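Okay, here's what each chain looks like letter by letter:
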Amino acid sequence: MTTAQATLEAPARAARPGGKAPYLHQIDLFRLITFACVILIHVVGATNFAQDVGANAVETPLHFTREAFFALTGFVLVFQNRRREFTAGDFWRRRLPLVATPYLAWSMFFWAYSLITGAQQPGSLEASMRLLLKDLVTGGAWYHLYFLLVTMQVYLLFPLLMKLLRATGGRHKWLLLGSGLVQVGVTLFMTYQPLGVSYETITHLYGTILPYQFYTLFGAVAAMHFETVHAWAGRHRLLLGGALVAVLAGTEWYYFQTVHNGTFPQVASDPFQPYLIPWFLTVIAAIYAFATRWAARRREGGRGARVVSWAANRSFSVFLVHPLALALLGPAIPHVAERFGAPWLSVLIYLATIVLTVVIVEVLRRLPGSRALTGRPRLRPAKVAA
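Residues numbered from 1 in each chain as written. Predicted model: local features only at pLDDT ≥ 70, side-chain atom pairs only at ≥ 80, totals over all residues. Heavy atoms only, no water.

**Describing the packing of aromatic side chains**
- Applying the stated rule across the entire model yields 31 aromatic pairs.
- Relative to Phe147, the ring of Phe70 lies with its centre 5.1 Å away and its plane at 50°, an arrangement referred to as tilted. Here Phe70, found in helix α4 (residues 64-81), pairs with Phe147, found in helix α7 (residues 146-167); they are 77 residues apart in sequence, far enough to count as distant. Accessibility classification places Phe70 together with Phe147 in one group, the buried group.
- Judged by centre distance (6.1 Å) and plane angle (65°), the ring pair of Phe75 and Phe226 falls under edge-to-face. Taken as a pair, Phe75 in helix α4 and Phe226 in helix α11 (residues 226-235) lie far apart in primary sequence, 151 residues in all. In this structure, Phe75 and Phe226 share a single accessibility class: buried.
- Grouping aromatic residues by their ring pairs yields a cluster made of Phe35, Phe69, Phe70, Tyr146, Phe147, Tyr206, Tyr212, Phe272 and Phe319. (Phe/Tyr/Trp six-rings, centres within 6.5 Å; stacked < 30°, edge-to-face > 60°. Helix = DSSP H or I, 4+ residues; strand = E, 2+ residues; numbered from the N terminus. Buried < 20%, exposed > 50% of the residue type's maximum accessible area, 1.4 Å probe, protein only.)

Quick look at the structure:
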């Protein structure tokens, strides 16, 4: 059997009982790679100055993570539900608490953390409560919580999305084209905001589905045509690998040209720069193709399979916790910088953030409130046979 054939047959081997969609092991690896890049971009941002040209050059391609997340969300939801009927109420009851509960818990935690550490100083109890309410509405309690807020919006709209996909069968390419044009318009608006539109208005858009609607639909359409898309990715891994290198080179060239022409590096690498759209699509497709190759060669019970499964099980928890770990490491950053300098500062803080995050997650997973704090059920000690 060729590697391509094995890749195409990988999903069938993982069929699940009860008529459920097969378990796609490539999604575990896709999720793991994306979360690792999320931590990396946050660490690079925390260990370098905003005007650092090189650091922003590293951050520029790493911005794909938010788009990849929403493409993955759309993909998984549609893949699981494309061949079965469900009611909106049942779907919301199952899905929304999985995100809403951690969102509320961590929003309140980071709101309190900001007050205790002095990051926010509203000045009165009334002002503090107004700040909490604003954070809950906008996802602004900490810099990563907008993702949960937007995910809840995706869940709320998902029943309508499924109806739209079923009603437009055979015309999904036109649906994607229209959505893509809207995406370009939104990114142009957010990057080159018209006169009279405040920066605060633009930042509030980050917490809405609007800047991510195309990528969510992209993943959803891919799931509706999973067999065709999966086969194409398996046959064209080399093409996607070459495209990844070429588009990455073009993206970095454009970034450096933009900086050379006088744009502040942090602005030139903004995640909503329109020139990043081709890169986002390319890297999402390339990671999936790479993950399918791994899934085809995966050995059930093998070390690699166990590591990826363990990490994927904790990926959402790691996402929730890693900003706290990075904040706790903040006081050490100047000392590490003085001793090692760049780029070792970023490397060491990255590794330390991962280790500290995993330690915190493992503790939280064993507490009674695990589901609220980590989005996962509590881990209980294994019973020892007498």
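Once you've had a look at it, read on.
**Description of the nonpolar core**
- By size, the foremost hydrophobic cluster in this structure holds 95 residues, and its most contacted members are Phe64, Phe75, Val78, Trp106, Leu148 and Leu165.
- Sort the elements by how many residues they give to this core and α7 lands first, with 12 residues.
- Non-local contacts of Leu165, meaning those with residues more than four positions away in its chain, are made with Val78, His172, Leu175, Leu217, Ala220, Val221 and Met224. (Core = buried A, V, L, I, M, F, W, Y, C linked by side-chain atoms within 4.5 Å. Contact = heavy atoms within 4.5 Å.)

**What about the environment of Leu373?**
- Along the chain, the position of Leu373 falls in helix α18 (residues 370-374).
- Spatially, the C-alpha atoms of Leu373 and Leu104 are 9.5 Å apart, while their sequence positions differ by 269 residues.
- Once residues lying within four places of it in the same chain are set aside, the contact partners of Leu373 are Ala105, Trp106, Leu320 and Leu364.

**Considerations on unusual backbone geometry**
- With an omega of 0°, the peptide bond running from Ala342 to Pro343 counts as cis.
- With respect to the helices and strands, the residue Pro343 is situated in the loop between α16 (333-340) and α17 (344-364).

**Notes on helix α8 (residues 172-191)**
- Between its first and last C-alpha, α8 extends 28 Å over 20 residues, near the 28 Å set by a 1.5 Å rise per residue.
- On its buried side, α8 packs onto α7, α9 (199-205), α10 (213-224) and α14 (277-297). (Expected span 1.5 Å × (residues − 1).)

**Focus on the confidence of the model for the protein chain**
- Here the protein chain averages 91 in pLDDT, and 93% of its residues register 70 or above.
- Throughout residues 1-15 the model reports pLDDT below 50, and contacts reaching past four residues in sequence, or to other chains, amount to 29 contacts. (pLDDT = per-residue confidence, 0-100.)

**Regarding helix α5 (residues 88-117)**
- Here α5 contains 30 residues, and its C-alpha end-to-end distance of 42 Å stays within 8% of the 44 Å for a straight helix at 1.5 Å per residue.
- Remark: the principal bend of α5, roughly 40°, maps to Leu96, with a proline, Pro97, within the next four residues.
- If you check which residues of α5 are buried, you get Phe91, Arg95, Leu96, Val99, Pro102, Tyr103, Trp106, Ser107, Phe110, Trp111, Tyr113 and Ser114.
- Buried residues in α5 make contact with α4, α6 (125-138), α7, α15 (303-329), α17 and α18.
- Phi turns positive, to about 85°, at Gly118, one or two residues after α5. (Bend = angle between axes of the 7 residues up to and from the residue.)

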